[in-house]
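# Tertiary structure, described
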Amino acid sequence: NHGQIMYDDSMATLNKQYADTRYARMEFADKLPGKAYLEKRGKLVSFDGNVTVLGIDKAKTMRVASEISDKFPLQDITIEQVPLEVIISDLYSRK
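Here's what I pulled together on the structure shown here. (Residues numbered from 1 in each chain as written. Predicted model: local features only at pLDDT ≥ 70, side-chain atom pairs only at ≥ 80, totals over all residues. Heavy atoms only, no water.)

Our next topic: the overall build of the chain. The number of helices and strands found in the chain is four helices and four strands. Starting at the N terminus and walking to the C terminus, you meet the elements of the chain as α-β-α-β-β-α-β-α. Every one of the 95 residues in the chain was classed for burial, and the buried ones make up 27%. Residue pairs at least 24 apart in sequence account for 69% of intrachain contacts in the chain once pairs closer than 6 positions are excluded. Carbon and sulfur atoms make up 49% of the accessible area of the chain, which totals about 6,400 Å². (Helix = DSSP H or I, 4+ residues; strand = E, 2+ residues; numbered from the N terminus. Buried < 20%, exposed > 50% of the residue type's maximum accessible area, 1.4 Å probe, protein only. Contact = heavy atoms within 4.5 Å. Areas by Shrake-Rupley, 256 points an atom, 1.4 Å probe, with all protein chains shown as cover.)

Written as structure tokens, this is what we have:
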């Protein structure tokens, strides 16, 4: 960034920009959904083997997670806020 200030506000303000998104990390038991199926339900963050991370609108998270798990049995699921590493990476990728 050549010494340029990338962000000049509080972390709370920065976090608010991502407050409406949740990351759902889903580990599928056997049958896997295709990428196109997942992309219709959120932002596909990663798709590796039987583990997928999907960025989902906070208001729709439970509905989408339930819809996916009804069709594709899950071995495990974790729903969390957008990780700080992702927020910082997004910040530095902006021009």
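This part takes up the packing of aromatic side chains. This structure, assessed with the given rule, holds two aromatic pairs. With a centroid separation of 6.4 Å and 85 degrees between ring planes, the pair formed by Phe28 and Phe72 is classed as edge-to-face. With a gap of 44 residues between them, Phe28 in strand E1 (residues 21–28) and Phe72 in the loop between helix H3 (61–71) and strand E4 (74–81) connect regions that are remote in the sequence. Since its relative accessible area comes to 1%, Phe28 is described here as buried. (Phe/Tyr/Trp six-rings, centres within 6.5 Å; stacked < 30°, edge-to-face > 60°.)

Residues of H3 that are buried: Thr61, Val64, Ala65 and Ile68. The buried residues of H3 occupy one face: seen down the axis, they fall within an arc of 95 degrees. Summarising the geometry of H3, the exposed residues directed more than 90 degrees from the buried face are Met62 and Asp70. Packing partners of the buried residues in H3 comprise E1, helix H2 (35–39), strand E3 (51–57) and E4. (Arc of directions from axis to C-beta.)

To continue, consider the side chain of Glu27. For Glu27, the position within the fold is in strand E1. Buried charged residue Glu27 carries no salt bridge. Nearest counter-charge: Arg25, at 4.1 Å. With residues up to four places along the chain from it excluded, the contact list for Glu27 reads Asn50, Val51, Leu74, Gln75 and Asp76. (Lys, Arg positive; Asp, Glu negative; His and termini not counted. Salt bridge = Lys/Arg side-chain N within 4 Å of Asp/Glu carboxyl O.)

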